[in-house]
Amino acid sequence: MSACLKHISMWRVRTGETVTKAQTVASLQEAVQRLRGRIPGLRSIELGIDIGGPSDRSDVVLYTEFDALSDLAAYQDHEDHLKLVALLSTCRAETRVVDYFSER
């Protein structure tokens, strides 16, 4: 069995006077869809939307898998990922990230 690198990001999103949380999440979904199949080394990507609960929860989680740290570094510098980062800079209130190796 081989190890894989899992990169998980969780965000709380801001809402504004003209933008709802649902609209922000829809924009994030579209941005993540554009990453599929475009970034070498990105083995898996999934966006999860919280179903609700206590107010201390994150709104969205991004789950990604890579073979190596170098693949994660290339993903983080890739122009398509940087577009997602730019979008997030306009709408996230809080971020949490965890990277870890796991057996496949």
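Structure's up top.
Residues numbered from 1 in each chain as written. Predicted model: local features only at pLDDT ≥ 70, side-chain atom pairs only at ≥ 80, totals over all residues. Heavy atoms only, no water.

Sorry if this is basic, but what is going on with the packing of helix α1 (residues 21–35) against helix α3 (residues 79–91) here?
Angle between the axes and distance between the axes are the two parameters that describe a pair of packed helices. Across the interface, α1 lies against α3 with an axial gap of 9 Å and an inter-helix angle of 170 degrees. Overall, the two elements α1 and α3 adopt an arrangement that is roughly antiparallel. Two secondary-structure elements touch here, α1 through Thr 24, Ser 27, Leu 28, Ala 31, Val 32 and Leu 35 and α3 through Asp 80, His 81, Leu 84, Leu 87, Leu 88 and Cys 91. For the contact of α1 with α3, the class distribution of residues is 8 nonpolar, 3 polar and 1 charged. (Axes fitted to C-alpha atoms, helices over the stretch in contact; angles between N-to-C directions. Helix = DSSP H or I, 4+ residues; strand = E, 2+ residues; numbered from the N terminus. Parallel < 35°, antiparallel > 145°, perpendicular 65-115°, else oblique. Contact = heavy atoms within 4.5 Å. Nonpolar A, V, L, I, M, F, W, Y, C, P; charged D, E, K, R; others polar.)

Explain the nonpolar core here, please?
Nonpolar side chains tend to gather and get buried jointly when the protein is soluble and globular. With 20 residues, the main nonpolar core has Trp 11, Leu 28, Leu 47, Leu 62, Tyr 75 and Leu 84 as its most contacted residues. Going through the elements one at a time, β1 (3–13), α1, β2 (44–49), β3 (60–66), α2 (69–77) and α3 are the ones with two or more residues in this core. Here this core gets 5 residues from one element, more than from any other, and that element is α1. Residues within four places of Tyr 75 in sequence aside, it is in contact with His 7, Leu 35, Ile 39, Leu 42, Leu 62, Thr 64, Phe 66 and His 81. (Core = buried A, V, L, I, M, F, W, Y, C linked by side-chain atoms within 4.5 Å. Buried < 20%, exposed > 50% of the residue type's maximum accessible area, 1.4 Å probe, protein only.)

I tried to follow the packing of aromatic side chains on my own but got confused; where do I start?
Think of a pair of aromatic rings as described by two things: how far the centres are apart, and how the planes are tilted against each other in angle. One pass over the structure, following the stated rule, counts 1 aromatic pair. Relative to Tyr 75, the ring of Phe 66 has its centre 5.1 Å away and its plane inclined at 55 degrees; by these criteria the two rings are tilted. Considered together, Phe 66 and Tyr 75 belong to a single accessibility category, that of buried residues. (Phe/Tyr/Trp six-rings, centres within 6.5 Å; stacked < 30°, edge-to-face > 60°.)

What's the story with α2 in this structure? I'm lost.
Residues spaced three or four apart along an α-helix face the same direction, because each turn holds 3.6 residues. Within the sequence span of α2, burial applies to Asp 71, Leu 72 and Tyr 75. Take α2 and look down its axis: the buried residues cluster within an arc of 100 degrees, on one side only. Facing away from the buried side of α2, by more than 90 degrees, are the exposed residues Leu 69 and Asp 77. Buried positions along α2 lie against β1, α1, β3, α3 and β4 (92–103). (Arc of directions from axis to C-beta.)

So what exactly am I meant to see when it comes to α1 here?
Here α1 contains 15 residues, and its C-alpha end-to-end distance of 22 Å stays within 8% of the 21 Å for a straight helix at 1.5 Å per residue. Every buried residue belonging to α1 is among Thr 24, Val 25, Leu 28, Ala 31, Val 32 and Leu 35, and all of these are buried. An end-on view of α1 places all buried positions within 120 degrees of arc, on one side of the element. Residues Ala 22 and Arg 34 are exposed on α1 and point more than 90 degrees away from its buried face. (Expected span 1.5 Å × (residues − 1).)

Got a minute to help me understand the sheet that holds β2 in this structure?
Sheet strands line up and pair through hydrogen bonds in the backbone, either parallel or antiparallel. Pairing is antiparallel in the open sheet, where 4 strands are placed in the order β2-β3-β1-β4. Edge positions in the sheet fall to β2 and β4, since each has one partner strand and no second. The sheet shows a mean angle of 15 degrees between the axes of neighbouring strands, direction not considered. Judged from the 6 bridges that link them, β2 and β3 form a sheet pairing that is antiparallel. (Pairing = 2+ DSSP bridges.)

Can you walk me through the side chain of Glu 65 in this structure?
Along the chain, Glu 65 falls in strand β3. Aside from chain neighbours lying at most four places away, what touches Glu 65 is Cys 4, Leu 5, Lys 6, Gly 41, Leu 42, Arg 43, Ser 44 and Arg 104.

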